[in-house]
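Survey of secondary and tertiary structure
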Amino acid sequence: MKRKPKNLAFEELKDMIPAALIINGLAMVGIALYGIFEGITWRAVTGLLYGDLLAAGNFILLGASASSTLTKATAKKGQFFANMSYGGRYIGLFLLLAAGIMLNIIDIVPAFVPLFIPKLHYTFKYTLQGKSFDDWNQIN
């Protein structure tokens, strides 16, 4: 029986907490400024929190599927599993966002903001370290 690799996504999420707090703070400032002119609803705040939960869940599932891909017998099976996981995660994400909108519990823009936290975190992290996209193969 193959040993399942450890999901390192939890460790990475801990590293993303400062970036998540900054991005959520900026989003709250944007919501407040928008609220001055148009009025703020509770759905904007719940959308931000809902987006945070979806982003964390999506990142954890990404880590789980990446570690599971490594245990597949062949590269072709691993690639197929990775593609199916990728598609499944985004279909699930779309359905959860659509459900929140249909139930009228979230505003869509604040719900999308946290979904970019991992991308922004890694972009700034490696840019500040002086790394370029060509150096990503050498990152430990």
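Along each chain, residue indices are assigned from 1 in the same order as the chain's sequence is written. A pLDDT threshold of at least 70 governs which residues receive local features in this predicted model, and a stricter bar of 80 or more applies before side-chain atom pairs are shown or counted, although totals over entire chains, interfaces and linings include all residues. By convention in this description, side-chain values take in all heavy atoms of the structure and omit both hydrogens and water.

A look at the packing of helix α1 (residues 9-38) against helix α5 (residues 117-128)
For helices, the fitted axis covers only the stretch in contact; all axes are lines through C-alpha atoms, and the angles between them, taken along N-to-C directions, range from 0 to 180 degrees. Secondary structure elements follow DSSP: runs of H or I of four or more residues count as helices, runs of E of two or more count as strands, with numbering from the N terminus. Packing of α1 against α5 leaves a shortest axis separation of 9 Å and a crossing angle of 100 degrees. With respect to their mutual orientation, α1 and α5 come out roughly perpendicular. Taking contact as the criterion, the partners of Glu12, Asp15, Met16, Ala19, Ala20, Ile23 and Asn24 in α1 are, on α5, Ile117, Pro118, Leu120, His121 and Tyr122. Residues are grouped as follows: nonpolar covers Ala, Val, Leu, Ile, Met, Phe, Trp, Tyr, Cys and Pro; charged covers Asp, Glu, Lys and Arg; every other residue, Gly included, is treated as polar. Among the residues forming the contact of α1 with α5, the class breakdown is 8 nonpolar, 2 polar and 2 charged. Each angle receives one of four descriptions, namely roughly parallel if under 35 degrees, roughly antiparallel if over 145, roughly perpendicular if within 65 to 115, and oblique otherwise. Residue contacts are counted whenever heavy atoms from the two residues lie within 4.5 Å of one another.

Structural notes on the pattern of salt bridges
Just to be clear on terms, a salt bridge is a Lys or Arg side-chain nitrogen sitting within 4 Å of an Asp or Glu carboxyl oxygen. For the coordinates displayed, the defined rule picks out 1 salt bridge. The residue Arg43 makes a salt bridge to Asp107 at a minimum N-O spacing of 3.5 Å. In this pair, Arg43 sits in helix α2 (residues 42-69) while Asp107 sits in the loop between α3 (75-102) and α4 (108-112), placing the two residues 64 residues apart along the sequence. Think of it in three bands: with a 1.4 Å probe and only protein chains considered, a residue is buried below 20% of the maximum accessible area for its type, exposed above 50%, and partly exposed in between. A relative accessible area of 25% places Asp107 in the partly exposed class.

Examining unusual backbone geometry
Despite not being glycine, Asn104 shows a phi value in the positive range, around 60 degrees. By the element assignment, Asn104 lies in the loop between α3 and α4.

Quick notes on α5
Helix length check: α5 (12 residues) gives 16 Å between terminal C-alpha atoms against 16 Å at 1.5 Å per residue, within 8%. Every buried residue of α5 is accounted for by Ile117, Pro118, His121, Tyr122 and Tyr126. Buried residues in α5, looked at end-on, bunch into an arc of 140 degrees, giving them a common side. Every exposed residue of α5 that faces more than 90 degrees away from the buried side is listed here: Lys119, Phe124, Thr127 and Leu128. Note on α5: the residue one or two positions beyond its end, Gly130, has a positive phi of about 80 degrees. Each helix should span, by expectation, one fewer than its residue count multiplied by 1.5 Å. Within this analysis, the arc is defined by the directions that extend from the helix axis to the C-beta atoms.

Points about α1
In the structure, α1 departs most strongly from a straight axis at Met16, where the bend amounts to approximately 45 degrees and where the proline Pro18 lies between one and four residues downstream. Within α1 the residues assigned to the buried category are Ala9, Met16, Ala19, Ala20, Ile23, Asn24, Ala27, Ile31 and Gly35. The seven residues ending at a residue and the seven starting there each receive a fitted axis; the angle between those axes is the bend at that residue.

Thoughts on the side chain of Ser65
Here Ser65 lies in helix α2. The term polar contact refers here to a pair of N or O atoms within 3.5 Å; inside protein, the definition further demands a hydrogen-donor-capable atom paired with an acceptor-capable atom, and it admits residues adjacent in sequence only when both atoms are side-chain atoms. Looking at Ser65, its side chain comes within polar contact range of the main-chain oxygen of Leu62, at 3.0 Å.

A look at the nonpolar core
Membership of the largest hydrophobic core is limited to 8 residues, which are Ala9, Met16, Ala20, Ile23, Phe59, Ile117, Tyr122 and Tyr126. Among the elements of the structure, α1 and α5 are those that each provide at least two residues to this core. Ranked by residue count, the leading element in this core is α1, at 4 residues. Throughout, nonpolar core names a set of buried Ala, Val, Leu, Ile, Met, Phe, Trp, Tyr and Cys residues whose side chains join them through atoms within 4.5 Å. Counting 6 residues, the second-largest nonpolar core is a separate cluster that includes Tyr50, Leu54, Leu93 and Leu97.

Looking at a nonpolar patch on the surface
The residues that make up patches have over 30% relative accessible area and no salt bridge, and they are joined within 9 Å when like-charged or within 5 Å when they are Val, Leu, Ile, Met, Phe, Trp or Tyr. Using a 1.4 Å probe, the Shrake-Rupley method yields the accessible areas, and only the shown protein chains count as cover for residues. Judged by side-chain polarity, Ile101, Ile108, Val109, Phe112, Phe116, Leu120, Phe124 and Leu128 come together as a nonpolar surface patch covering roughly 780 Å² of accessible area. Elements with a contribution of two residues or more to the nonpolar patch: α4 and α5. Under the relative-accessibility criterion, Leu128 is labelled exposed at 75%.

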